Every structure is written in structure tokens, then in C-alpha cells.
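# Architecture at a glance
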Amino acid sequence: MTSEQAPVLRSAVMPPTYWLTRFVLLRLLGVVYAVAFLVAINQIIPLIGANGLLPVGNYLTQVGAALGSTGAGFMRLPSVFWFWHSDTALLVAAWTGFVLALIVVAGYANIPLLTTLWLLYMSFVHVGQDWYGYGWEIQLTETGFLAIFLCPVLNMRPFPKYAPPFPVIVLFRWLTFRIMLGSGMIKFHGDAAWRNGTALYHYFETQPIPGPLTRWFHFLPHTLLRAGVWFNWLAELVAPWFIWWPRLARQIAGSVIVLFQLAIILSGNLSFLNWLTIIPALACFDDGFWSKLLPGALVRKAEAAAARAEESKPMLTTAWIVTGLVILLSIRPALNLLSSEQAMNSSYDPLDLVNTYGAFGSVGQERTNVVFEGTIDDTTDNRAQWKPYIYKGLPVLPGERPPQVAPYQLRLDWQMWFAAMSSADQYPWTYNLVWKLLHNDKGAVSLFAGNPFPEKPPHYIRAVLYRYKLARPGNQQHFYWMRERIGDWLPVLSANDPRLIRFLKSEGWTP
């Protein structure tokens, strides 16, 4: 037998290894963490800072009062911000998380580092209120928690002397199974449009934040859009079961899931959700798979690490303890998957360790957007000239082509997508936003693409509800969108409006 044949023979007779899997998985997790903390660096102060739209201090006081004490509040919503929640504290936590995430991206990780990232991000999620109420927030905390136990306690090298514990690899597969099957079941239960194959006729036009290719996807032939729905069923209802099959079937299932996520990434801006969903799916692939894709130098380093690997009984014991904990905490999420009244994106424990997931259980058939408009005129009648506040991602002007935003998240834009389907009373912070725009508040204005009133604040602000439809390519006006006004979403308001001032005071947002 030649030396060239030996590695092939060894790979055929020995159990699969996951050195390269751990390397790739942690690097991508570092990227997602870095993006998530960068979003906090740029947006957390105007959102939940002391002068933010939903001040964190007010929230913690309300939670403590509702639960009886600060200690009870901490036990229900663990967060470092119970101890220190000034604007400085928020930024220190965000910058610390960002720097540590870059270290992981560079290839270095251990238990203390990943634990710190998990604690910091969970701290933001638990006090982020409306702005952090999305399924991918708890999905990141669950993914980050599992990643802690892939690594040694102190050794930070990309290829340490201990192999990744196989039970943790299996836990990542269990996470993928729940994410994908949960998303499929919520669609199956939620909307006949998914069941009859027509959901994609409307999905691209009505999704939260469209991307540069959204219009191209929307105007694909209906036959292809129906095929897209069936691919969705394949990825979400069929592929997850094959995660538990032998190697070839598992890798095919993992490939289907990853390709599905990449297709969604191309079609719109869903924050870092799809990148995050790819991470646990990587546990479907072993080193034999990665060795065909990654650079030879990296593969050789993994092989060298495997050759000199030592067994760590404490590391393996810890992995089994975590596995037992996850099994116990999985009972309620598993029952939820089987329920006809399935809840999506829900947590069942204070640390968000094992959750239930799902997305787009129903698809809207028309797109409405709320546009904030201001005027410096002294009148609000037909003579007034109104200027819109342009969102960074949501459509406003008909000629605007949607930008590529994801994996970055525009939290105001996301909330306003939801708000357009409801009333302002269900999103009371929009009154606080109007107040801040009436005063050219730097933080609030920074959440938009620009300030239409850079010299002096507007005299009046209103919010108008519009209906948007994607314009067919090649139209004479070169429009990307067609829109029509539906009516006022918020009435005309001014800085001396007694109703506005009275409401802000009642909410603790004293002007």
C-alpha cells in the first residue's frame, strides 16, 4: 500500500472527525456576532439609551415593579444591564462584543471568550424590548451557548489538542432540525397560500425589507415561483429528517438547507437570520467533506491536530451534561412542534437555551409602508410642502432601488414594517419618535438615511400610510415602485401639541 493510499484508507475505516467543521462553524459564528454587535454600536443609544425611543432605565424599572423586585427581574430576564445601564455601559458592552467577535473571526476561541459573547448578547436581547423581539435574537443566544462547549477552557488556537466533542455536534444538528421543521410547520399550519403553492406570488413584494434582486424574483414566471414553494417544503419539511441519517444522506440534507438559505439571502434583507441558520447546518458535514473545499494548508493543519489529539475527560463530561440539559429543556419546544396551535420564536427558559422557531407563517398580499413627513411651513393645508424622512432600507420614493443591507439589521425599518400593518396606538414609541424629529434629535434622525431639515427642525410632522407595488421593469417612469396614498397613520403633530406632550409624560418620556 502506497503512502498516497493510506489517508484514503484511514478515512474509510475510521469514524468521521470534525476539526474543520468546528473551524468553519466558529468563524461564521464570529461574523454573525460581529455584525450583531456592530448594529448595537450604531443604533443602541437612539433606540434604548437614556434619551432613546424606549429608554432601558424605564423598562428595567417597570419589569422590577411588575415582578416585585430587581432581583426577580434579573432572574426572569438575566442581563448585565441590571447593574449598569447608562449610555456608556451600552456602548462598552457593544464594543467589547464586537472586538471579541473579531477575535473569533480571526480563528481564536475558547470557553471564556465565547461565554462572554453569549452573556453580552443575551444582555442586549433581554432589555432590547421591541427592537430585539425577533426570532433570530434568541436563535443567536442558543447557537452561541452551544458553541461554548466546542472549545477548550483556555487554549484559543484554531486547532487545539482536543477534538470537538461529538455530543455538541449532535446538539447543533438538533438545533437545525428544530429551526427548519419549525419554519415548515408554521407555514403549513398558518396560510393556505403555502399549501397551494402560491405564497411566492406575493412574498417578495411584501417581505420586510426588499433587496436589489427582489423585483427580479417577484416577476419570475408563476411556474418557477410554485417550484420555489416546493423547494421550501423540501428544505423545511423533508431535509431535516435526513439530518439523522448516515453520512451521504445527512450531507445532502445539509446542502439543501444551506442552498435554501443562500437563495433567501439573494432575494431580500432578512438581517443575519439566514447566515445564522447556516451555522448549525454546518454540523451535517465532517472533515472529509470540508477537505474537498478548503485550502490544502488548512486541511493539513487539521490532520496534524487530529494526529496528535488528546482526550479531555472533563470536556467530554461537560458536553454530556449539556446534552442532558438540552434534552430536558427540549420537551416543551418538541411538543410545540407537534401542536396545531404552534407558537413560533418562543423561549421557555430565562437563558433562552432551547427555543422554538418559525418564520413567515402567513404571507401578506399587499405592501403598506408608513412614511414620516415634515414641513417647515406655518400651515398644514394644501399649500404646505411636505418632505419625507427616507428610511435606510424600507421603500419611500418610487424611483428608489432597494439597497443590500443584510446581514446588517436596520431595527427601526423592521419595526415600521410591522407597524404599517397595525395602528400607532400599538406602537406608542412612534409618538416619541415624532417628538424627537420635531426637535431634530441627532439620535433619532440617525436612524433614517438623512435629515430633510438640516437647518432647523420642522414645524409639523405627520405619518402617512401608502400602498406599494413593485413596478414592472422597463416602465416609462423608470420607477421601481408604484404607490398610492391610503391615508394618515398619525395625525399632524407639532412640538407644542398638548395631546402629544401629555401622552409622552404619561409614558415617562417627559419632554
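Everything discussed here concerns the structure shown above.
Before going into details, it helps to say that this report is about the structure given with it.

Reading guide: rules and limits
Residues numbered from 1 in each chain as written. Predicted model: local features only at pLDDT ≥ 70, side-chain atom pairs only at ≥ 80, totals over all residues. Heavy atoms only, no water. Helix = DSSP H or I, 4+ residues; strand = E, 2+ residues; numbered from the N terminus. Rg over C-alpha atoms; globule rule 2.2 N^0.38 Å. Buried < 20%, exposed > 50% of the residue type's maximum accessible area, 1.4 Å probe, protein only. Contact = heavy atoms within 4.5 Å. Areas by Shrake-Rupley, 256 points an atom, 1.4 Å probe, with all protein chains shown as cover. Lys, Arg positive; Asp, Glu negative; His and termini not counted. Charge placed at Lys NZ, Arg CZ, Asp CG, Glu CD. Expected span 1.5 Å × (residues − 1). Arc of directions from axis to C-beta. Polar contact = N/O pair within 3.5 Å; in protein donor to acceptor, adjacent residues only side chain to side chain. Pairing = 2+ DSSP bridges. Axes fitted to C-alpha atoms, helices over the stretch in contact; angles between N-to-C directions. Patch = residues over 30% accessible without salt bridge, like charges linked within 9 Å, V, L, I, M, F, W, Y side chains within 5 Å. Salt bridge = Lys/Arg side-chain N within 4 Å of Asp/Glu carboxyl O. Parallel < 35°, antiparallel > 145°, perpendicular 65-115°, else oblique. Nonpolar A, V, L, I, M, F, W, Y, C, P; charged D, E, K, R; others polar. Left-handed = near helix turned anticlockwise from the far one by under 90°.

Scanning the protein from N- to C-terminus turns up 22 helices and six strands. Its C-alpha radius of gyration of 25 Å places the protein within 12% of the 24 Å reference for a compact globule of 511 residues. The principal-axis extents of the C-alpha atoms in the protein amount to approximately 90 × 55 × 45 Å. Buried residues in the protein amount to 55% of all 511 residues. Across the protein, every contact between residues at least 6 apart in sequence was considered, and the portion connecting residues at least 24 apart equals 75%. Carbon and sulfur atoms make up 64% of the accessible area of the protein, which amounts to about 22300 Å² in all. Here the protein contributes 38 positively and 30 negatively charged side chains, and the mean placements of these two sets differ by 6 Å.

Turning our eyes to something else, we now look at helix α16 (residues 296-307). In an α-helix, one full turn covers 3.6 residues, which means residues spaced three or four apart are oriented alike. Taking 1.5 Å per residue, twelve residues should reach 16 Å; α16 reaches 16 Å between its end C-alpha atoms and fits that length. Turning to α16, its buried residues are L298, V299, A302 and A305. When α16 is viewed along its axis, its buried side chains cluster within an angular range of 120 degrees and face the same direction. Residues R300 and A307 are exposed on α16 and point more than 90 degrees away from its buried face. Contacts from the buried residues of α16 go to α2 (19-48).

This next bit is on the side chain of T198. Tracing the chain through its elements places T198 in the loop between α9 (192-195) and α10 (200-206). Polar contacts involving the side chain of T198 include one to the side chain of N196, which spans 2.7 Å. Those residues in contact with T198, other than ones at most four positions away along the chain, are A193 and R226.

Glancing now at the sheet that holds strand β4 (residues 387-388). Spatially, four strands are ordered β4-β3-β5-β6 in an open sheet, and the strand pairing comes out antiparallel. In the strand order of this sheet, the two ends are held by β4 and β6 (481-494), each with one partner. By the bridge criterion, nine bridges tie strand β3 (residues 367-375) to strand β5 (residues 460-470) in an arrangement that is antiparallel. Its bridge partner lying in β5, V370 is registered against L465. Against the sheet, helix α20 (residues 429-438) engages β3, β5 and β6, with an angle of about 80 degrees to β6.

What follows is about a nonpolar patch on the surface. On the surface, a nonpolar cluster with roughly 840 Å² of combined accessible area is contributed by F231, L234, V238, W241, F242, W244, W245, L259 and L262. Listed by contribution, the elements that provide at least two residues to the nonpolar patch are α12 (222-242) and α13 (247-267). Ranked by the residues each element gives to the nonpolar patch, the list is headed by α12, at five residues. You can see V238 is positioned in helix α12.

Once that is clear, we can look at the packing of helix α8 (residues 166-190) against helix α14 (residues 273-281). Each pair of packed helices gets described by two things: the angle between the helix axes and the distance between those axes. Where α8 meets α14, the closest approach of the two axes is 7 Å, and the angle between their N-to-C directions is 135 degrees. Overall, the two elements α8 and α14 adopt an arrangement that is oblique. Across the interface between the two elements, F172, L175, T176, I179 and M180 from α8 touch T277, P280 and A281 from α14. Considered class by class, the residues forming the contact of α8 with α14 number six nonpolar, two polar and no charged.

Once that is clear, we can look at the pattern of salt bridges. Enumeration over the complete set of coordinates arrives at twelve salt bridges. Of the charged contacts, one joins R178 and E142 as a salt bridge, the two residues approaching to 2.4 Å between their closest N and O atoms. Note that R178 is positioned in helix α8 and E142 in helix α7 (residues 135-148), a separation of 36 residues in sequence. By relative accessible area, R178 is classed as buried at 2%. Three or more residues are tied together by salt bridges with common partners; here these are E366, R467 and E484.

Looking now at the packing of α2 against helix α5 (residues 87-105). At a closest axis distance of 8 Å, the pairing of α2 and α5 adopts a crossing angle of 165 degrees. Compared by their axis directions, α2 and α5 come out roughly antiparallel. When the axes of α2 and α5 are compared, the crossing they make is left-handed. A class-by-class count of the residues in the contact of α2 with α5 yields 21 nonpolar, two polar and two charged.

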